[in-house]
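# Inside the fold
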Amino acid sequence: MCFNFESNKVYAIIGKSGSGKTTLIHILGLLDTFDSGIYSIDNTTIATLNDNELSKIRKEKIGLIFQDYYLNPRLTARENVLIAAYLNTKISKEQREAKVREILKKLNLENRINHYPNELSGGEQQRVCIARALINDPKYILADEPTGALDNENSKIIMEKLLNLKKENKCVIIVTHDLSVAKRADEILELKNFNLEKK
Ligand SMILES: Nc1ncnc2c1ncn2[C@@H]1O[C@H](COP(=O)(O)OP(=O)(O)OP(=O)(O)O)[C@@H](O)[C@H]1O
Ligand SMILES: [Mg+2]
């Protein structure tokens, strides 16, 4: 299998439960390793990199949105995003704070900034998770079932945000069980027998 994910595009990955979608997202997100094959990001072959180099790519180029949000329950919405913002050491503390407020506002969370995850609805938590994934302006956005736990209305809001990202020259990869979500992507890929097949 050889597949090239491009910028300015939204991809949907579908496939049966257990087909390896989450595993693939974790590999693409550099959270997991692999035994065979070649994976390159922007002409850099991943296998040649050490841990420091891998974390640099992870923090500069990749934004991950998890199905179960993985927010820190002891931190507010603002603080959950701020932690990720701290990975960007090129900007000042004030600039980080400002960016966090701006992105939370963009995601219609300005009234929820100081709330803890257990005080937020599923849709709000997912938007905090999206803010955290986008705060450092990554080129690649990987979303594992981002609308899986949401009702129709929230699902639509999240999808609009993700689809709009391609206009910002990004590559968005969305794992989904929902065909109506998949149909809105530029390309649908099915993971079958460890192969990505174009639909
Ligand atoms: N940490 C692990 N160690 C060993 N096997 C694993 C591990 N995580 C997942 N698997 C197995 O790898 C296969 C692929 O799992 P994966 O979670 O990637 O599937 P998926 O397509 O995301 O499924 P779902 O649609 O249910 O989320 C499954 O058979 C699963 O049991
Ligand atoms: Mg999965």
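Please refer to the structure placed before this passage.
Before going into details, it helps to say that this report is about the structure given with it. (Residues numbered from 1 in each chain as written. Chains lettered and ligands numbered in written order. Predicted model: local features only at pLDDT ≥ 70, side-chain atom pairs only at ≥ 80, totals over all residues. Heavy atoms only, no water.)

## What about the packing of helix α3 (residues 77–85) against helix α5 (residues 122–134)?
- Axis separation between α3 and α5 bottoms out at 8 Å; the angle between their running directions is 25°. As summarised for this structure, α3 and α5 are arranged roughly parallel, according to the angle between their axes. Once α3 is placed against α5, the crossing between them reads as right-handed. Only Val128, Ala131 and Arg132 of α5 make contact with α3, whose side of the interface consists of Ala77, Asn80, Val81 and Ala84.
- Here the residues of the contact of α3 with α5 sort into five nonpolar, one polar and one charged. (Axes fitted to C-alpha atoms, helices over the stretch in contact; angles between N-to-C directions. Helix = DSSP H or I, 4+ residues; strand = E, 2+ residues; numbered from the N terminus. Parallel < 35°, antiparallel > 145°, perpendicular 65-115°, else oblique. Left-handed = near helix turned anticlockwise from the far one by under 90°. Contact = heavy atoms within 4.5 Å. Nonpolar A, V, L, I, M, F, W, Y, C, P; charged D, E, K, R; others polar.)

## So, the sheet that holds strand β8 (residues 195–198)
- Reading across from one edge, β4-β5-β6-β1-β7-β8 is the order of the six strands in this open sheet, with mixed pairing throughout. Sheet topology places β4 (62–65) and β8 at the edges, where each strand pairs with a single neighbour. For this sheet the average axis-to-axis angle between neighbouring strands, irrespective of direction, equals 20°.
- In the sheet, strand β1 (residues 9–14) pairs with strand β7 (residues 187–192) via four bridges, with the strands oriented parallel. (Pairing = 2+ DSSP bridges.)

## What to know about the nonpolar core
- If you look at the biggest cluster of nonpolar residues, it comprises 38 residues, and the most contacted ones within it are Ile65, Val81, Ile103, Leu104 and Leu162.
- If you list the elements that add at least two residues to this core, you get β1, α3, α4 (93–106), α5, β5 (140–144), α6 (152–164), β6 (171–175) and α7 (179–182).
- The contact partners of Ile103, leaving out residues within four places of it in the chain, are Val81, Ala131, Leu134 and Ile135.
- If you look at the next biggest cluster of nonpolar residues, it comprises 25 residues, including Ile13, Leu24, Val175 and Leu189. (Core = buried A, V, L, I, M, F, W, Y, C linked by side-chain atoms within 4.5 Å. Buried < 20%, exposed > 50% of the residue type's maximum accessible area, 1.4 Å probe, protein only.)

## Notes on the pairing of β8
- Direction of pairing for β7 relative to β8: antiparallel, over a ladder of four bridges. Its bridge partner lying in β8, Glu190 is registered against Glu197.
- Linkage of β7 to β8, two consecutive antiparallel strands, is achieved through a turn of two residues, within which Asn193 is found at a positive phi near 45°.

## A short note on unusual backbone geometry
- Not every positive phi belongs to a glycine, and Leu30 is a case in point at roughly 60°.
- Summarising the element assignment, Leu30 is placed in the loop between α1 (21–28) and β2 (40–41).
- One non-glycine residue, Asn193, adopts positive backbone phi at about 45°.

Geometric descriptors of this kind do not, in isolation, establish any biological role.
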